[in-house]
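Analysis of the macromolecular model
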Amino acid sequence: MSGRHSLVALAVGLALSGQAQAQLLISEYLEGSGNNKAVELSNVGSSVIDLSQYRLALYANGKPISESPTNSLALQGTLAPGASLVLANPSASSEILAKANQTSGNLVFNGDDALVLYRGSEIADSLGQVGVDPGTAWVSGSVSTLDMTLRRKATVTMGRTDATSPFDPAQEYVAAPKDDASGLGCSGDGPCDGTQPPAFVCPVDQLIPVPAIQGPGSS
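First, a word on what this report is: a plain description of the structure on this page.

The rules behind these values
Residues numbered from 1 in each chain as written. Predicted model: local features only at pLDDT ≥ 70, side-chain atom pairs only at ≥ 80, totals over all residues. Heavy atoms only, no water. Helix = DSSP H or I, 4+ residues; strand = E, 2+ residues; numbered from the N terminus. Buried < 20%, exposed > 50% of the residue type's maximum accessible area, 1.4 Å probe, protein only. Contact = heavy atoms within 4.5 Å. Areas by Shrake-Rupley, 256 points an atom, 1.4 Å probe, with all protein chains shown as cover. Polar contact = N/O pair within 3.5 Å; in protein donor to acceptor, adjacent residues only side chain to side chain. Pairing = 2+ DSSP bridges. Axes fitted to C-alpha atoms, helices over the stretch in contact; angles between N-to-C directions. Phe/Tyr/Trp six-rings, centres within 6.5 Å; stacked < 30°, edge-to-face > 60°. Lys NZ or Arg CZ within 6 Å of the ring centre and 35° of its normal. Salt bridge = Lys/Arg side-chain N within 4 Å of Asp/Glu carboxyl O.

Comments concerning the overall build of the chain
- Per the secondary structure count, the chain includes four helices and 15 strands.
- The burial tally for the chain puts 40% of its 219 residues in the buried class.
- Within the chain, contacts between residues separated by at least 24 positions form 68% of all contacts whose residues are at least 6 apart in sequence.
- For the chain, the exposed surface amounts to about 10900 Å²; the carbon and sulfur share of it is 54%.

What follows is the structure, encoded as structure tokens:
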């Protein structure tokens with residue numbers, strides 16, 4: 001193979017490798033009291049993500065992946081590298097809602113429900129094991145998907161794309177107490193340090209400019 005062809009092959013290989021690496025990950029999972037349900041998604045890649053290509057699906061109580069999910073939530077907006085998006089149940093605590101970028105009544109998971117993050121028809125990441133009902137939760141040592149906040153280990157940079165494989169929460173998550181929202185809004189396996197992460201940007205194509213509402217008057 002000539003040097004030119006070798007460079008072309010290398011470039012193609014690098015491009016495919018970059019496409020295969022997941023950029024958007026489930027970085028935090030909060031399963032707490034009542035409607036205290038939240039999921040944090042973080043952009044661990046190096047480019048801006050168009051969130052309209054993604055949706056978060058819930059497969060409840062061992063529902064197989066061959067069937068439609070129990071419910072799903074379409075995402076919107078864009079997410080810069082290093083930024084996080086917080087999704088929460090609209091009836092969650094004020095502490096959780098203060099950090100939420102998007103709320104939905106579809107976030108009603110319990111410890112025995114699996115979550116799948118889709119990019120189009122492909123799985124970008126997952127939590128739990130679709131098609132398996134673990135009873136009340138997936139448990140590994142002191143780490144459980146029930147009544148606990150789980151934060152993705154900082155060493156994890158690739159999504160769990162086989163949503164039907166056995167799930168051991170302790171392999172990729174560290175546990176925080178029930179209803180602990182101190183880590184929501186920033187990627188990493190500890191509480192947020194108070195610095196502002198890159199912003200989540202809402203879509204603006206359907207917004208109406210203020211002058212168009214106000215008209216020629218003064219109010």
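On we go from here.
Quick look at the side chain of Asp113
- Take Asp113: it is sitting in the loop between strand E8 (102–103) and strand E9 (114–119).
- There is a polar contact of 2.8 Å between the side chain of Asp113 and the backbone nitrogen of Asn110.
- Apart from the residues lying within four places of it in its own chain, the contact partners of Asp113 are Leu58, Tyr59, Ala60, Asn61, Val108 and Trp138.

Things to note about the sheet that holds strand E4 (residues 54–59)
- Taken together, the four strands give an open sheet; going across it, the order is E5-E4-E9-E10, and neighbouring strands pair in antiparallel fashion. The open sheet has two free edges, formed respectively by strand E5 (71–74) and strand E10 (122–127), since each of these has just one partner strand. When strand polarity is set aside, the average angle formed by the axes of neighbouring strands in this sheet is 20°.
- With five bridges joining them, E9 and E10 adopt antiparallel strand pairing. Each bridged residue has a counterpart across the sheet, and for Val116 the counterpart in E10 is Ser126.

A look at the packing of aromatic side chains
- Inspection of the entire model under this criterion finds three aromatic pairs.
- Between Trp138 and Phe167, the ring centres sit 6.1 Å apart and the planes meet at 85°, which makes this aromatic pair edge-to-face. Of this pair, Trp138 sits in the loop between E10 and strand E11 (139–140) while Phe167 sits in the loop between strand E13 (148–152) and helix H3 (169–172); the two residues are 29 residues apart in sequence, bridging distant segments of the chain. Exposure class is identical for Trp138 and Phe167. Each is buried.
- With a centroid separation of 6.4 Å and an interplanar angle of 70°, the aromatic rings of Phe167 and Tyr173 are classed as edge-to-face. No difference in accessibility class separates Phe167 from Tyr173, as the two residues are buried.
- Across from the ring centre of Tyr118, 4.2 Å away, lies the NZ or CZ of Arg55, which sits over that ring.

Quick notes on the pairing of strand E1 (residues 24–31)
- With eight of eight residues buried, E1 is to be regarded as a mostly interior element.
- Strand direction decides the pairing type here: E1 and strand E2 (residues 37–43), joined by seven bridges, are antiparallel. Bridge pairing in E2 links Leu24 to Asn43.
- What sits between the antiparallel neighbours E1 and E2 is a turn of five residues, in which Gly34 has the positive phi angle 50°.
- Pairing of E1 with E13, which is carried by four bridges, proceeds in the antiparallel orientation. Bridging across to E13, Glu31 finds its partner in Met148.

Some remarks on the pattern of salt bridges
- Scanning the entire structure with this criterion turns up six salt bridges.
- Put simply, Arg151 and Glu28 hold a salt bridge, and the shortest N to O gap is 3.5 Å. Highlighted residues: Arg151 in strand E13 and Glu28 in strand E1, separated in sequence by 123 residues.
- Classification of Arg151 by relative accessible area gives buried; the value is 5%.
- For Glu28, a relative accessible area of 0% puts it in the buried group.

Observations concerning unusual backbone geometry
- Even without glycine at this site, Asn61 takes up a positive phi of about 50°.
- With respect to the helices and strands, the residue Asn61 is situated in the loop between E4 and E5.
- The backbone of Asp179 shows a phi angle near 65°, a positive value even though the residue is not glycine.
- Within the fold, Asp179 resides in the loop between strand E14 (173–176) and strand E15 (200–201).

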